[in-house]
Amino acid sequence: RQGAVAHWLYILTAGQVDLWASDHYHASTSGYYLEALTIFAAVTHSDPRKLGPHERAARDLKIPPATAVRLQDVANRAVASARCNGTDKRGALIDR
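Please read these numbers as outputs of a predicted model, since none were measured by experiment.

*Asks:* Is there a simple way to think about the overall build of the protein chain in this case?
*Replies:* When helices and strands are counted, the protein chain shows 4 helices and 0 strands. In sequence order, the protein chain lays out its α and β elements as α-α-α-α. Scored against the burial criterion, the 96 residues of the protein chain give a buried share of 30%. Contacts spanning at least 24 positions in sequence make up 46% of the contacts within the protein chain whose residues lie at least 6 apart. Carbon together with sulfur atoms contributes 59% to the accessible area of the protein chain, which is approximately 6700 Å² in total.

*Asks:* Explain the nonpolar core to me, please; I cannot follow it from the model alone.
*Replies:* Inside soluble globular proteins, nonpolar side chains tend to come together where they are buried. In this structure, V17, Y33, L34, L37, A58, I63, A68, L71 and A75 together form the largest nonpolar core, which totals 9 residues. Elements represented by at least two residues in this core include exactly α2 (29–44) and α4 (65–82).

*Asks:* Looking at this structure, how should I read the pattern of salt bridges?
*Replies:* Two side chains bearing opposite charge may form a pair once their charged atoms approach each other closely. Tallying each qualifying case throughout the model produces 4 salt bridges. Two residues, R49 and D47, come together in a salt bridge whose shortest N-O distance is 2.8 Å. The class for R49 is partly exposed, based on a relative accessible area of 26%. When the shortest N-O distance is used, the salt bridge between R77 and D73 registers 2.9 Å. Pair noted here: R77 and D73 are both in helix α4, with a separation of 4 residues, about one helical turn. What makes R77 partly exposed here is its relative accessible area of 49%. Residue classification places D73 among the partly exposed positions, given a relative accessible area of 25%. Through salt bridges with shared partners, a single network forms among D47, R49, D73 and R77.

*Asks:* Would you take a moment to explain the layout of surface pockets for this structure?
*Replies:* Unfilled space is identified by rolling a water-sized probe across the atoms. If you add up the space inside the largest pocket, you get close to 160 Å³. In terms of lining residues, the largest pocket is bounded by 10 residues, among which Q16, V17, L19, R70 and L71 are the most central. Top contributing element to the lining of the largest pocket by residue count: α4, with 3 residues.

*Asks:* Got a minute to help me understand the confidence of the model for the protein chain in this structure?
*Replies:* Interpretation of the predicted coordinates at a detailed level should be avoided for regions scoring low in pLDDT. Of all residues in the protein chain, 71% attain a pLDDT of 70 or more, and the chain-wide mean is 81. Helix α1 (residues 2–9) is the least confidently modelled element of the protein chain, averaging 46 in pLDDT, while helix α3 (residues 56–60) averages 97, the highest of any element. Note that pLDDT drops below 50 for residues 1–8; the model gives that stretch 0 contacts with residues more than four away or on any other chain.

Parameters at a glance
- Residues numbered from 1 in each chain as written.
- Predicted model: local features only at pLDDT ≥ 70, side-chain atom pairs only at ≥ 80, totals over all residues.
- Heavy atoms only, no water.
- Helix = DSSP H or I, 4+ residues; strand = E, 2+ residues; numbered from the N terminus.
- Buried < 20%, exposed > 50% of the residue type's maximum accessible area, 1.4 Å probe, protein only.
- Contact = heavy atoms within 4.5 Å.
- Areas by Shrake-Rupley, 256 points an atom, 1.4 Å probe, with all protein chains shown as cover.
- Core = buried A, V, L, I, M, F, W, Y, C linked by side-chain atoms within 4.5 Å.
- Salt bridge = Lys/Arg side-chain N within 4 Å of Asp/Glu carboxyl O.
- 1 Å grid on protein atoms, 1.4 Å probe; cavity = no way out; pocket = protein on both sides within 12 Å on 5 of 7 lines; lining within 4 Å.
- Points joined across faces, edges and corners; volume = space filled by probe spheres on them.
- pLDDT = per-residue confidence, 0-100.

This is the structure in structure tokens:
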């Protein structure tokens, strides 16, 4: 019964990116890419959106350009929201 309930937690609606592998324990390729983007943004204080739709790692991982851009935006927003200083009008990270 518990497994049946957990299964429904991983059903995606249209337009969502699956961040989990089929075992629902490990990240999917997109999930690990998002993790790497978040670390990149946090460590370098750079906006990961500057990597763009044709970023090499995304291409090599066969992540569609539109998905890469969406994940770059999510990483930027996640790191920006974790910082007190936030973002500028364009959504770029503001460093102190």
